[in-house]
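# Structural description and commentary
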Amino acid sequence: MQAGVVVKQEIGATTLSASFSGGLGNYDLSRSIVTPDRHLLRQQRSNTNWIAGHLRGAHRVGLDKGLFLEPSFDVGVTRQWQGAYQETGDDTYALAVDSFANTTVTLNPEVAFGGDFRLLGLDLEASARAGVLAIPAGRERSNDVAFLGAGDGPGFRLTDTATPVLADVGLDLQAAVLGNALVTLSFDSLQAPNQQEYAGTARVSILF
């Protein structure tokens, strides 16, 4: 579950916006373990909460035949919390994972190229985006882990370090419907030598 608010100001061809959002979720995950004599499956349920704030500026440059070029810059700060959890089973391989909290800062400059057109009686806007996603702070996340079967034995620390700079590309299609509604379909991709992420979203905005 998540919710947020966006404030936007248009000054000619320049758009300035600020957003604040937050969410919480529960996740059921499974971990497969292969040992010399058997195959094990350990399960766990964890909860993650987050809040985020973003500032964004964009300027649209009109081209011929309804085309446009729009450079933009986004600065974001995200705070994330994950609660402690234990995997099912009390044997040597089940884990107890401590809670952690982390704050991430992101910088996202990009350029969009697109155009407006009309199809099947709908006013549409299609665009392609390309830029970079940089993470100058908060790239490293770590938490303490122990084996449940080890009792009071020593634990260890798991560390996950995010890629500092990723290529950010995407496609957007917007359609104005019913006079005051905007339907947006988006495809986003983050690319790095050792990391690839893909996401698709559909959003309906009601204008008041």
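Our structure's up above, just so we're on the same page.
Reference entry: report on the structure contained in this document. (Residues numbered from 1 in each chain as written. Predicted model: local features only at pLDDT ≥ 70, side-chain atom pairs only at ≥ 80, totals over all residues. Heavy atoms only, no water.)

### Structural notes on the overall build of the chain
Of the regular secondary structure elements, the chain holds zero helices and 14 strands. Reading the helices (α) and strands (β) of the chain from amino to carboxyl end gives β-β-β-β-β-β-β-β-β-β-β-β-β-β. Relative to the globule expectation of 17 Å for 208 residues, the C-alpha radius of gyration of the chain, 22 Å, shows a markedly less compact shape. Sorting the 208 residues of the chain into buried and exposed places 27% on the buried side. Restricting the contact set of the chain to residue pairs at least 6 apart, pairs at least 24 apart contribute 55%. Here the chain has roughly 13,200 Å² of accessible surface; of this, 60% comes from carbon and sulfur atoms. Of the side chains in the chain, 15 bear a positive and 22 a negative charge, and the two mean positions are spaced by 2 Å. (Helix = DSSP H or I, 4+ residues; strand = E, 2+ residues; numbered from the N terminus. Rg over C-alpha atoms; globule rule 2.2 N^0.38 Å. Buried < 20%, exposed > 50% of the residue type's maximum accessible area, 1.4 Å probe, protein only. Contact = heavy atoms within 4.5 Å. Areas by Shrake-Rupley, 256 points an atom, 1.4 Å probe, with all protein chains shown as cover. Lys, Arg positive; Asp, Glu negative; His and termini not counted. Charge placed at Lys NZ, Arg CZ, Asp CG, Glu CD.)

### Quick look at the nonpolar core
Core analysis: the largest hydrophobic core is formed by five residues, namely Leu 133, Ile 135, Leu 166, Leu 190 and Ala 192. Among the elements of the structure, β9 (122–137) and β13 (181–192) are those that each provide at least two residues to this core. (Core = buried A, V, L, I, M, F, W, Y, C linked by side-chain atoms within 4.5 Å.)

### Some details on the environment of Ser 99
Secondary-structure assignment places Ser 99 in the loop between β7 (95–97) and β8 (100–119). On the accessibility criterion, Ser 99 (40% relative accessible area) is partly exposed. Taking the C-alpha atoms as reference, Ser 99 lies 35 Å from Val 204; in sequence the two are 105 residues apart. Apart from the residues within four sequence positions on either side, Ser 99 is in contact with Gln 82, Gly 83, Ala 84 and Asn 143.

### Digging into unusual backbone geometry
We note that Lys 65 has phi near 60°; this positive angle belongs to a residue other than glycine. Positionally, Lys 65 belongs in the loop between β4 (61–62) and β5 (67–82). Given the relative accessible area of 81%, Lys 65 is considered exposed.

### Quick look at the sheet that holds strand β6 (residues 85–86)
Taken in spatial order, the four strands of this open sheet run β6-β7-β10-β11, and their pairing is antiparallel. Here the strands that pair on one side only, and so sit at the sheet edges, are β6 and β11 (156–161). Sheet topology note: the strand β10 (residues 140–147)/β11 ladder contains six bridges and is antiparallel. Bridge pairing in β11 links Asp 144 to Arg 157. (Pairing = 2+ DSSP bridges.)

### A closer look at the pairing of β8
The pairing of β5 with β8 spans 16 bridges and is classified as antiparallel. Within β8, the residue paired with Gly 76 across the bridge is Thr 106. Taken together, the 12 bridges between β8 and β9 define a ladder with antiparallel strand orientation. Residue pairing across strands places Ala 112 opposite Arg 129, the latter belonging to β9. Hairpin connection between β8 and β9: a loop of two residues separates the two successive antiparallel strands, and Leu 120 in this loop has a positive phi of roughly 55°.

### Digging into the packing of aromatic side chains
Taken as a whole and assessed by the stated rule, the structure comprises two aromatic pairs. Measuring from centroid to centroid gives 6.3 Å for Phe 187 and Tyr 198, while their planes differ by 25°, and the two rings are stacked. Taken together, the residues span a long stretch of sequence, with Phe 187 in strand β13 and Tyr 198 in strand β14 (residues 195–206) at a distance of 11 residues. Seen from the ring of Phe 68, Arg 60 lies directly overhead, with NZ or CZ sitting 3.6 Å from the centre. (Phe/Tyr/Trp six-rings, centres within 6.5 Å; stacked < 30°, edge-to-face > 60°. Lys NZ or Arg CZ within 6 Å of the ring centre and 35° of its normal.)

### As for the environment of Leu 119
Along the chain, Leu 119 falls in strand β8. Between the C-alpha atom of Leu 119 and that of Ala 175, which follows or precedes it by 56 residues, the distance is 9.7 Å.

### Concerning a nonpolar patch on the surface
Together, Val 61, Leu 63, Leu 67, Leu 69, Val 111 and Phe 113 make up a nonpolar patch on the protein surface, roughly 450 Å² of accessible area in all. Broken down by secondary-structure element, the contributors of at least two residues to the nonpolar patch are β5 and β8. Positionally, Val 61 belongs in strand β4. Residue Val 61 is classed as partly exposed on the basis of its relative accessible area of 36%. (Patch = residues over 30% accessible without salt bridge, like charges linked within 9 Å, V, L, I, M, F, W, Y side chains within 5 Å. Salt bridge = Lys/Arg side-chain N within 4 Å of Asp/Glu carboxyl O.)

These figures capture arrangement, not role.
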